[in-house]
Amino acid sequence: MTPVIKLLRPEEWARFQSDGQFAGSPDDLRDGYIHLSTPEQAIATAAKWFAGVEGLVTLTLDADALSPLKWEPSRGGQLFPHLYRPLTLTDVVSVRS
């Protein structure tokens, strides 16, 4: 398993659980894909985009089971995983809040 991370605000996680799928945050919807991070990248992602968010939820997903997943250059030229479809609850390997 190759872990990748999706960070969600508590209200996004609640909506995801209720709906059974997550089409994305406003940033995801604007860009046309679900922004994901490696576990190492998630620390900087949390600091940059989620500073001050209480109850941040960390979803761990298996990159090997996600399709269509593309690794594309982003912040600082690093390759970040981008998922070109909504997330489903079956994609979630583990949840930490």
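As a reminder, the structure under discussion sits directly above these lines.
Residues numbered from 1 in each chain as written. Predicted model: local features only at pLDDT ≥ 70, side-chain atom pairs only at ≥ 80, totals over all residues. Heavy atoms only, no water.

*Asks:* Please set out the nonpolar core residue by residue, giving values where relevant.
*Replies:* Considering soluble globular proteins, one finds that nonpolar side chains tend to be buried as a cluster. Counting residues in hydrophobic clusters, the biggest one holds 16 residues, and the most contacted among them are F16, L36, L59 and L61. Where this core is concerned, the elements lending two or more residues are β1 (3-8), α1 (10-19) and β4 (57-62). In terms of residues, this core owes the most to one element, β4, which gives 3 residues. Those residues in contact with L59 that sit more than four places away from it in its chain are V4, I5, K6, L8, W13, F16, V92, S94 and V95. Counting 5 residues, the second-largest nonpolar core is a separate cluster that includes I5, L7, F50 and L56. (Core = buried A, V, L, I, M, F, W, Y, C linked by side-chain atoms within 4.5 Å. Buried < 20%, exposed > 50% of the residue type's maximum accessible area, 1.4 Å probe, protein only. Helix = DSSP H or I, 4+ residues; strand = E, 2+ residues; numbered from the N terminus. Contact = heavy atoms within 4.5 Å.)

*Asks:* With reference to specific residues and values, describe the pattern of salt bridges.
*Replies:* Evaluated as defined, the whole model comprises 5 salt bridges. Measuring nitrogen to oxygen at the nearest pair gives 2.9 Å for the salt bridge that ties K6 to D28. One end of the pair, K6, is in strand β1; the other, D28, is in helix α2 (residues 26-31), and 22 residues separate them in sequence. Judged by its relative accessible area of 2%, D28 is buried. Put simply, D91 and R85 hold a salt bridge, and the shortest N to O gap is 2.9 Å. Given the relative accessible area of 24%, R85 is considered partly exposed. Overlapping salt bridges bring together D27, R30 and D31 as one network. (Salt bridge = Lys/Arg side-chain N within 4 Å of Asp/Glu carboxyl O.)

*Asks:* Run through helix α3 (residues 39-49), naming residues and quoting values.
*Replies:* Those residues of α3 that fall on the buried side of the exposure criterion are Q41, A42 and T45. The arc that holds every buried residue of α3, seen down its axis, measures 105°, which confines them to one face. More than 90 degrees from the buried face of α3, the exposed residues found are E40, I43 and A47. Where α3 is buried, its residues meet β1 and β6 (79-83). (Arc of directions from axis to C-beta.)

Function cannot be inferred from these measures alone, as they are strictly geometric.
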